[in-house]
Amino acid sequence: MRKSFVARNPSVLIFLALLGVFTLAVTVLGEGLGVGLISTSFVKTLGKTLCLCLVAIAMDLVWGYTGILSLGHFAFFGLGGYMIGMWLMYARTELIVAESLAQAEIPPTPDEIRDAIGTQIFGVVGGSDFPAVWTFAHSLPIQLALVVLVPGLLALVFGWLAFRSRVTGVYLSILTQAMTLALALYLFQNDSGLRGNNGLSGLQNLPGAADVPQSMVSIWFFWASAAALAIGYVVAAFVVSGKFGSVIRGIRDDEARVRFLGYSVEGYKLFVFTLTAVIAGIAGALYYPQAGIINPAEIAPIASIYLAVWVAIGGRGRLYGAVIGAAFVSLLSTWFTGGQVPDLPLGIYTVKWVDWWLVLLGFSFVLVTLFAPKGIGGLFDLLTGRHGPDRHGAALGPDQGSLREKEAEQ
Amino acid sequence: MTTLLEVSGVSVSFDGFKAINNLSFDIGPAELRAIIGPNGAGKTTFMDIVTGKTKPDSGEVLWGEMSRSLLKMNESQIARAGIGRKFQRPTVFEDQSVFDNLLMALKKDRAPWKVLFYRETTADKARVEELAEEIGLADQLQRKSGELSHGQKQWLEIGMLLAQEPRLLLVDEPAAGMTLAEREHTTDLLKEAAKTRAVVVVEHDMEFVRRLECRVTVLHEGSVLAEGSLDHVTKNQQVIDVYLGR
Ligand SMILES: Nc1ncnc2c1ncn2[C@@H]1O[C@H](COP(=O)(O)OP(=O)(O)O)[C@@H](O)[C@H]1O
Ligand SMILES: [Mg+2]
């Protein structure tokens, strides 16, 4: 019999162990429960980074393993954030409104409460009525279900249309960019029902936990993000090991051949696309409460392109590569764009990293693509001594059999 | 004898050029057939049509006892209906081991959900090992197939074809890049396979075709020029003119 799941995927155990140690360390060093060496805002940054690692795993599944270069997965990430954000905003506003109306002499009717909540939430876009999309905003279970269902359904419909007509390669990438752009533009409108460019805010405040300090809330979300990342990693490792993994890697390398083996390539692509959209939605639902605010700019096309850059730099086609890439690049990005990096005076010109960071990132991306296609994850191959067959030169004609140019010369 | 595959009056043109011209062809359920013809005769295009890669402009392709039309099915449905294909250039999944290549081809439920929760049984493993034995790759199972030699890749692809347990095997130039001994082994494999299923072999090499000892169809400019035993068709004056005479 074949070895067990863990034995076939040693990286899973190592990853879980490292993640566990990291979570413990942050808990001990954070302000909420520990000694306070790590500020609450940095705990939030680390928690958000874990969510970005999770969406990077989704990207690696869909791109690194299945070969679909989706440049729209941040749309699913953002939708997940919006879905949980609606409940957070509604429930908290409801508490505030109820408190202020409680002072009134005549107890308010439910309709009055609802109107007051509406005015509070939609005042910024000049409205007070609840749009239809807010129908379930009062219910946490339903909004949690929507975190999964909305990105999943969008991916299912979009993927079905695209894969059925066999759109592949760069055309598919452009189509996914168009999808995320269209969604962002739609959400920017005030009458989209999600507060236009104001987005949803105050998401860091948990309804009903007003007396819990942010230092504690941040640790809760950090834990939730770490747990989601752990589960996501195991699920992804399960999907890519075994025969399903063989088939999707086959689709990446030669999809026509997979068809002739009798596998419905479209069905597999749709499955992976939808699954990864759901993972992205969950990651987004954990990210935005830590960020505190979500607005349509979050799902601008560029965000999804960054996601691809992280995975490429980390090393696609291996799960820990995606995690490393997302963590490394996004933390570095926070550091550079946060203005903490000293400027680089070059005499006639001073390099301000806030402006030049993107150039540096783009340049690194080009370098990695050209010279280290395996990314940072490729370094692990050096450690473990694993490398591909070193067969240089073009294949000789069939009649020369196995040899390639260089071998034949020897 | 009943027919397994019946191709009738099929034509296909690429940008006005008729690659297949009113071609008719049929084969029984346990028959070995060789297709020969000069380069560009339309042999590969014929396979493309049967396997659903190319849709013909006109004509009909019927399959099996129920005479289902293959033209309404896509590539993977046709493959699941029982038609396996070996390509002219060996196409195996180079990044994956010989074992994984064979396991993927093994006749099993191909629905994503079933494949996701599939765990190989002892019987499956034994079947893969048996196939590897047959194609001479028993001690290479854990190697990445990209490391195999050209001839070994050809065999791996034949092994994957056998693993699919198709009712019809379409084999495009299987002997390319093989040594004489390997060719003989290949003919044996194909003849053995044809005892229980239909096998269509496209080949250039006359010696190879002679060893197959089967009916031969000669293709020229997209239609059938002659059909019969190898001796019969090689005596045909038209065949000599367009093919052998050159
Ligand atoms: N996709 C295609 N587009 C244009 N022409 C094609 C295409 N496929 C095949 N052909 C042409 O059809 C003819 C038959 O090709 P093919 O079936 O590959 O021949 P064979 O396998 O017998 O050598 C050739 O002239 C080839 O150039
Ligand atoms: Mg050909």
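Our structure's up above, just so we're on the same page.
This structure is a prediction, so every number in the text was calculated from the model and none was measured.

Undergrad: I'd like a rundown of the overall build of chain A, residues and numbers included.
TA: Along its length, chain A carries 15 helices and four strands. Here the C-alpha radius of gyration of chain A, 24 Å, is about what a compact globule of 410 residues would show, namely 22 Å. Along the longest, intermediate and shortest principal axes, the C-alpha atoms of chain A span 95 × 55 × 55 Å. Burial analysis of chain A (410 residues in total) assigns 47% to the buried set. Residue pairs in contact within chain A that sit at least 24 positions apart in sequence constitute 73% of those at least 6 positions apart. Each charge sign in chain A was given a centre, from 24 positive and 24 negative side chains, and these centres are 14 Å apart.

Undergrad: Could you give an account of the overall build of chain B, naming the residues involved and the relevant values?
TA: For chain B, the count of helices and strands is 10 helices and 10 strands. In summary, chain B has a C-alpha radius of gyration of 18 Å against a globular reference of 18 Å for 246 residues, a match within 12%. For chain B, the spread of C-alpha atoms along the three principal axes comes to 55 × 40 × 40 Å. When the 246 residues of chain B are sorted by exposure, 57% land in the buried category. For chain B, the share of sequence-separated contacts (at least 6 apart) that also reach a separation of at least 24 residues comes to 67%. Separation between the mean location of the 31 positive side-chain charges and that of the 37 negative ones in chain B comes to 3 Å.

Undergrad: Describe the site of ligand 1, with residues and values.
TA: All names here are of chain B. Taken together, F14, F17, A19, N39, G40, A41, G42, K43, T44 and T45 make up the full set of residues near ligand 1. One of the backbone nitrogen or oxygen atoms of A41 is found 3.3 Å away from an oxygen atom of ligand 1. Interatomic distance of 2.8 Å between a backbone N/O atom of K43 and an oxygen atom of ligand 1. Protein chains bury 61% of the 560 Å² of accessible surface belonging to ligand 1 in isolation. Mapped onto the shell around ligand 1, the elements with two or more residues apiece are β2 (17–27) and α1 (43–50).

Undergrad: Give a detailed account of the sheet that holds strand β3 (residues 32–36) of chain B, specifying residues and quantitative values.
TA: All names here are of chain B. Overall, mixed pairing links the six strands, which are arranged β6-β7-β8-β3-β9-β10 in an open sheet. One side of each edge strand has no neighbouring strand; the edge strands of this open sheet are β6 (83–86) and β10 (223–228). On average, each strand axis in the sheet is tilted by 20 degrees relative to the strand beside it, whichever way the strands run. In this structure, strand β9 (residues 215–220) lies alongside β10, joined through five bridges in antiparallel fashion. From the neighbouring strand, L219 faces β10, where its bridge partner is V224. In this fold helix α7 (residues 180–193) packs onto β3, β7 (168–172) and β8 (198–202), with an angle of close to 145 degrees to the strand it touches most, β8.

Undergrad: Now, about the sheet that holds strand β1 (residues 5–14) of chain B: what can you tell me, with residues and values included?
TA: Residues and elements named next belong to chain B. On the basis of which strands lie adjacent, the open sheet formed by four strands has the order β2-β1-β4-β5 and antiparallel pairing. Of all strands in the sheet, those bounded by a partner on one side alone are β2 and β5 (68–69). Bridge count for β1 against β2 is seven bridges, and the pairing is antiparallel. Paired with S13 across the strands is K18, a residue of β2. The sheet contacts of α1 involve β1, β2 and β4 (58–63), and relative to β1 the element is tilted by about 115 degrees.

What counts, and at which threshold
- Residues numbered from 1 in each chain as written.
- Chains lettered and ligands numbered in written order.
- Predicted model: local features only at pLDDT ≥ 70, side-chain atom pairs only at ≥ 80, totals over all residues.
- Heavy atoms only, no water.
- Helix = DSSP H or I, 4+ residues; strand = E, 2+ residues; numbered from the N terminus.
- Rg over C-alpha atoms; globule rule 2.2 N^0.38 Å.
- Buried < 20%, exposed > 50% of the residue type's maximum accessible area, 1.4 Å probe, protein only.
- Contact = heavy atoms within 4.5 Å.
- Lys, Arg positive; Asp, Glu negative; His and termini not counted.
- Charge placed at Lys NZ, Arg CZ, Asp CG, Glu CD.
- Near = heavy atom within 4 Å.
- Polar contact = N/O pair within 3.5 Å; in protein donor to acceptor, adjacent residues only side chain to side chain.
- Areas by Shrake-Rupley, 256 points an atom, 1.4 Å probe, with all protein chains shown as cover.
- Pairing = 2+ DSSP bridges.
- Axes fitted to C-alpha atoms, helices over the stretch in contact; angles between N-to-C directions.

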